[in-house]
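Structure assessment
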Amino acid sequence: ELLTAADGDDKQVRTAVIKALGQIAAAEHVAGMVQGVLKAEPGPERDAAEKAVMFVCQRAQNPEERAAPLLEAIHGLSAADQLAMLSTLGRVGGDGARKAIEAAIGESATHTAGIRALCNWPDATIANRLMELSKSDAHPEHRIATLRALIRVAPLADSRSDAERLELLKQCLTICTRDEDRLLVLQRARSIRTVGTLRFVLEHVDEPAFTETACETIVELAHHRALRDAHKEEFHTALDRVIATSKDATSVERANRYKNNQTWVRPKTSAN
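Predicted model only: the values in this text are computed from it and were never measured. (Residues numbered from 1 in each chain as written. Predicted model: local features only at pLDDT ≥ 70, side-chain atom pairs only at ≥ 80, totals over all residues. Heavy atoms only, no water.)

So, on to the overall build of the protein chain. Looking only at helices and strands, the protein chain has 18 helices and 0 strands in total. Dimensions of the protein chain, computed from the C-alpha atoms along their principal axes, are close to 60 × 40 × 30 Å. Out of the 272 residues in the protein chain, the part that is buried amounts to 43%. As presented, the protein chain carries roughly 14,000 Å² of accessible surface, and 50% of it is formed by carbon and sulfur atoms. If the 36 positive side-chain charges of the protein chain are averaged to one point and the 39 negative ones to another, these points end up 5 Å apart. (Helix = DSSP H or I, 4+ residues; strand = E, 2+ residues; numbered from the N terminus. Buried < 20%, exposed > 50% of the residue type's maximum accessible area, 1.4 Å probe, protein only. Areas by Shrake-Rupley, 256 points an atom, 1.4 Å probe, with all protein chains shown as cover. Lys, Arg positive; Asp, Glu negative; His and termini not counted. Charge placed at Lys NZ, Arg CZ, Asp CG, Glu CD.)

Under the criterion given, the structure shown has 20 salt bridges. Close ionic contact of aspartate 9 with lysine 39 constitutes a salt bridge, the shortest N to O distance being 2.9 Å. Taken together, the residues aspartate 9 in the loop between helix 1 (2-6) and helix 2 (11-24) and lysine 39 in helix 3 (residues 30-39) connect sequence positions 30 residues apart. On the accessibility criterion, aspartate 9 (71% relative accessible area) is exposed. Notably, a salt bridge pairs arginine 241 with aspartate 206, separated by 3.0 Å at the nearest N-O pair. You can see arginine 241 sitting in helix 17 (residues 232-245) and its partner aspartate 206 sitting in the loop between helix 14 (195-202) and helix 15 (211-222), a full 35 residues away along the chain. Assessed through its relative accessible area of 28%, arginine 241 is described here as partly exposed. Salt bridges sharing partners connect three or more residues here, namely Arg98, Glu102, Arg129 and Glu132. (Salt bridge = Lys/Arg side-chain N within 4 Å of Asp/Glu carboxyl O.)

In this section: the packing of helix 2 against helix 4 (residues 44-57). In the contact formed by helix 2 and helix 4, the axes pass within 8 Å of each other and the chain directions differ by 20°. By the angle between their axes, helix 2 is roughly parallel relative to helix 4. When the axes of helix 2 and helix 4 are compared, the crossing they make is left-handed. Contact residues: helix 2 offers Lys11, Arg14, Thr15, Ile18, Leu21 and Gly22, while helix 4 offers Glu45, Ala49, Ala52, Phe55 and Val56. (Axes fitted to C-alpha atoms, helices over the stretch in contact; angles between N-to-C directions. Parallel < 35°, antiparallel > 145°, perpendicular 65-115°, else oblique. Left-handed = near helix turned anticlockwise from the far one by under 90°. Contact = heavy atoms within 4.5 Å.)

Structurally, cysteine 172 is set in helix 12 (residues 162-175). Sequence-wise, cysteine 172 and leucine 150 are 22 residues apart; in three dimensions their C-alpha atoms are separated by 7.4 Å. Non-local contacts of cysteine 172, meaning those with residues more than four positions away in its chain, are made with Leu147, Leu150, Ile151, Ala154 and Val185.

Listed below in structure tokens is the structure:
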């Protein structure tokens, strides 16, 4: 019944149903969910439908088998629908998905759809390819998209060490040509909770374009008491820099509280 409703004409119902399917469906239901993805309007509804399929596929124990039910479901679709489903394949990842996406990238007519799909990749196994495309793709907008995707996946927790994750993020910074991308690097750095990250971010506190973002990342790192206590002297120095430099009242308040070994409670929002 849910699968039938996912392909219905009521957008509100489709949205609620696809969310439920993401939680309870199994591999054998992916083909039906694909119809829901194709029915969904481009934008937030399509994104949510794609993520629901991703959630179902990710429940497979073997990462390389996750895309199998989706690839099987896509196989019988029209060429146009197969192209439309590339984005979902990118969210799921795995070798099978990678082959289909790379084939699309290799054709001029489908190149853009392939790049968009690759930028959805769920982990850092695609990092080298994103790095390559961010430097060499013929289209400036694709170089920007693949770089931002690389910045997104670089710090994700996986089998890499914290040092390796941070090193990749540093490499991202060296190829950034826009301040908005450099800011994204400094924002994503807070996902790597090490004193090495603190030292990296501190280098950018005195650069006006990056001061506030760097200060926010420093206080986010300091929020983790075990990390802060293990490197107390370095964190106190960094927090003093935040207090002296930041114009953001919240960052300054947090820095003062952490220096005094006090807690800080994140304000509740509707998203929380």
